[in-house]
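Structural overview for review
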Amino acid sequence: MSVMQSTASIAKRGLVMVITGNGKGKTTSSFGQALRALGQGYKVCVIQFMKGRKYGEVIAAEKFLPDLQIYQFGLDSFVMRNNPAPVDVEMAQQGLAKAKEIIAGGDYNMVILDEINVALDFKLIPEEEVLEMVKNKPAELDILLSGRYASDKLREIADLVSEVTEVKHHYNAGIKDRAGIEY
Ligand code: ATP
Ligand code: MG
């Protein structure tokens, strides 16, 4: 293979990206990535784990972004790390089944699995299945996995890992959830 050919094939290889860490900015960064990709003509699918609220990004996508499809698999309530409700486990597993279907289906250029790292850390879904799904993705598909607590194995197979670190958060000054900032 010539240098030109190998450069082209590397350029077309889809990436596995991980955005993790304990600071604010993972989900919003994922949607920023989606927006950039949409502008370049990508079709993007976001699957959100452990979330059911009508976030601003969901409302904006419905209003303005026909090439962005969002699926939510979760309730609008906290999942207990050590004692998740059966419905939380069931919904996360449905999310994983949907992710597998979407990834294998080939209808999208970028798939974002928001909070999947948390679903893995809480053991709502099996890590081996997620790793296999990512390793077996279509060659050109870009995948972004976001959420705190990204596992070591996922970090190993990723092309990009970014950690958002908390330096300060307005919660600590008593400023609560705000429309447009938190949701
Ligand atoms: P965002 O959705 O704003 O990009 P995120 O995806 O990085 O945040 P998550 O870990 O998914 O953050 O947490 C979701 C919610 O918790 C957000 O509303 C966010 O403001 C809040 N949050 C995130 N980081 C912190 C923090 N370090 N301290 C307190 N609250 C936080
Ligand atoms: Mg998030």
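Scroll up for the structure.
Presented here is an overview of the structure given in this document.

1. Considering the site of ligand 1
Taken together, 13 residues form the shell around ligand 1, and within it Lys24, Lys26, Thr28, Arg148 and Glu166 come nearest. Separating an oxygen atom of ligand 1 from a backbone N or O atom of glycine 23 is a distance of 3.3 Å. Between ligand 1 and the protein, one listed contact pairs an oxygen atom with a side-chain N or O atom of glutamate 115 at 2.9 Å. Protein burial of ligand 1: of its 580 Å² of free accessible surface, 83% is covered by the chains. When grouped by side-chain class, the residues that make up the shell around ligand 1 number one nonpolar, six polar and six charged.

2. So, the packing of helix 4 (residues 86-105) against helix 6 (residues 127-135)
Two elements in contact, helix 4 and helix 6, have axes separated by 10 Å at closest approach and are oriented at 15 degrees. What the angle tells us is that helix 4 and helix 6 run roughly parallel. The chirality of how helix 4 crosses helix 6 is left-handed. Across the interface between the two elements, Leu96, Ala99, Lys100 and Ile103 from helix 4 touch Glu129, Val130 and Met133 from helix 6. The residue inventory of the contact of helix 4 with helix 6, partitioned by class, reads five nonpolar, no polar and two charged.

3. Looking at the coordination of the magnesium ion (ligand 2)
Coordination of the magnesium ion (ligand 2) by the protein comes from Thr27 (OG1) and Glu115 (OE), over a distance range of 2.0 to 2.1 Å. Taken as a pair, threonine 27 in helix 2 (residues 26-39) and glutamate 115 in the loop between strand 4 (110-114) and helix 5 (116-121) lie far apart in primary sequence, 88 residues in all.

4. Considering the sheet that holds strand 2 (residues 44-49)
Pairing is parallel in the open sheet, where six strands are placed in the order 3-2-4-5-1-6. Two strands close off the open sheet at either side, each with one partner strand: strand 3 (68-73) and strand 6 (160-163). On average, each strand axis in the sheet is inclined to that of its neighbour by 15 degrees, with strand direction left out of account. Here four bridges tie strand 1 (residues 16-20) to strand 5 (residues 142-146), and the two strands are oriented parallel to one another. Counterpart to valine 16 in the pairing with strand 5 is isoleucine 143. In the packing of helix 3 (residues 56-64) onto the sheet, the strands contacted are strand 2 and strand 3, and the crossing angle to strand 3 comes to about 140 degrees.

About the cut-offs
Residues numbered from 1 in each chain as written. Chains lettered and ligands numbered in written order. Predicted model: local features only at pLDDT ≥ 70, side-chain atom pairs only at ≥ 80, totals over all residues. Heavy atoms only, no water. Near = heavy atom within 4 Å. Polar contact = N/O pair within 3.5 Å; in protein donor to acceptor, adjacent residues only side chain to side chain. Areas by Shrake-Rupley, 256 points an atom, 1.4 Å probe, with all protein chains shown as cover. Nonpolar A, V, L, I, M, F, W, Y, C, P; charged D, E, K, R; others polar. Axes fitted to C-alpha atoms, helices over the stretch in contact; angles between N-to-C directions. Helix = DSSP H or I, 4+ residues; strand = E, 2+ residues; numbered from the N terminus. Parallel < 35°, antiparallel > 145°, perpendicular 65-115°, else oblique. Left-handed = near helix turned anticlockwise from the far one by under 90°. Contact = heavy atoms within 4.5 Å. Donors = N, O, S within 2.8 Å, 3.2 Å for Na, K, Ca; no water. Pairing = 2+ DSSP bridges.

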